[in-house]
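Each chain is listed here by its residues.
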Amino acid sequence: GMVKPMMVDMGFSLSKIGFWGTILGSLSSLVGAALAAWLMRYMRRVTALVFFNGLQAFTTGLYALIAWLYAHAYVLDGWELYAANAIEHVAAAMAMVALLTVAMDYARAQHAGSDFSFQVCMMTILGGIGYLASGYLAHSLGYTGQFGLSAGLGLVLLLPIIWWGRYFK
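Residues numbered from 1 in each chain as written. Predicted model: local features only at pLDDT ≥ 70, side-chain atom pairs only at ≥ 80, totals over all residues. Heavy atoms only, no water.

(A) Seen up close, unusual backbone geometry. Backbone geometry places A73, a non-glycine residue, at a positive phi of 70°. Secondary-structure assignment places A73 in the loop between helix 3 (45-71) and helix 4 (79-105). What makes A73 exposed here is its relative accessible area of 65%. (Helix = DSSP H or I, 4+ residues; strand = E, 2+ residues; numbered from the N terminus. Buried < 20%, exposed > 50% of the residue type's maximum accessible area, 1.4 Å probe, protein only.)

(B) Structural view of the side chain of Q146. In this structure, Q146 sits in helix 5 (residues 112-156). A relative accessible area of 3% means that Q146 is categorised as buried. Here Q146 is in contact with M2, S134, L137, A138 and L141, once residues within four sequence places are set aside. (Contact = heavy atoms within 4.5 Å.)

(C) The arrangement of the nonpolar core in detail. Core analysis: the largest hydrophobic core is formed by 18 residues, its most contacted members being M6, L81 and F147. The set of elements that each furnish at least two residues to this core consists of helix 1 (3-9), helix 3, helix 4 and helix 5. Here this core gets four residues from one element, more than from any other, and that element is helix 3. M40, A48, M94 and I161 belong to the second largest nonpolar core, which has twelve residues in total. (Core = buried A, V, L, I, M, F, W, Y, C linked by side-chain atoms within 4.5 Å.)

(D) Quick look at the packing of aromatic side chains. Taken as a whole and judged by the stated rule, the model has nine aromatic pairs. Ring centres 5.0 Å apart and planes at 85° place the aromatic pair F19 and W20 in the edge-to-face group. Take F19: its relative accessible area is 44%, and that puts it in the partly exposed class. When its relative accessible area of 34% is taken as the criterion, W20 is described as partly exposed. Ring geometry for Y63 versus F147: centroids 5.2 Å apart, planes at 40°, classification tilted. With Y63 in helix 3 and F147 in helix 5, this residue pair connects regions lying 84 residues apart in the sequence. The class for Y63 is buried, based on a relative accessible area of 2%. With a relative accessible area of 4%, F147 lands in the buried category. Three or more aromatic residues joined by ring pairs make a cluster, and in this case those are F12, F19, W20 and Y82. (Phe/Tyr/Trp six-rings, centres within 6.5 Å; stacked < 30°, edge-to-face > 60°.)

Here it is in structure tokens:
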């Protein structure tokens with residue numbers, strides 16, 4: 001949730017943020033979703049969740065690196081941030097495909113629509129809380145700290161996925 005505010009604070013124009021951050025990000029998400037759908041035909045659910053979410057945590061770390069470089073007077077040409085944004089959108093879409101596939105697996109056949117909708121609503125609520133928290137974290141830790149903490153937390157949260165995979169084979 002803090003990528004676009006960081007872009008604004010770094011002085012990128014709104015038109016560039018709109019095009020590179022939103023249009024390129026959306027196209028990258030489509031590529032990630034298609035890639036994940038294809039890969040998941042050959043992967044166990046837990047493997048996809050761990051790999052795709054780990055990739056997203058790593059790519060979130062790219063934002064921390066860019067924020068750190070910017071804070072230490074490295075002159076950004078823009079491509080670095082746009083490339084990180086595109087790569088992160090690919091990884092995020094891959095993680096989302098894996099997560100929503102597992103959510104659908106847990107939906108009861110006779111109530112699949114309502115079960116899946118409830119799960120997505122809960123995910124949206126938790127995501128909104130995360131966006132709110134990220135604003136406070138970015139304010140107190142700076143963008144480098146906020147994205148670094150987010151990447152680290154993303155890696156730590158792979159542990160419950162691994163546990164789930166072992167427990168529920």
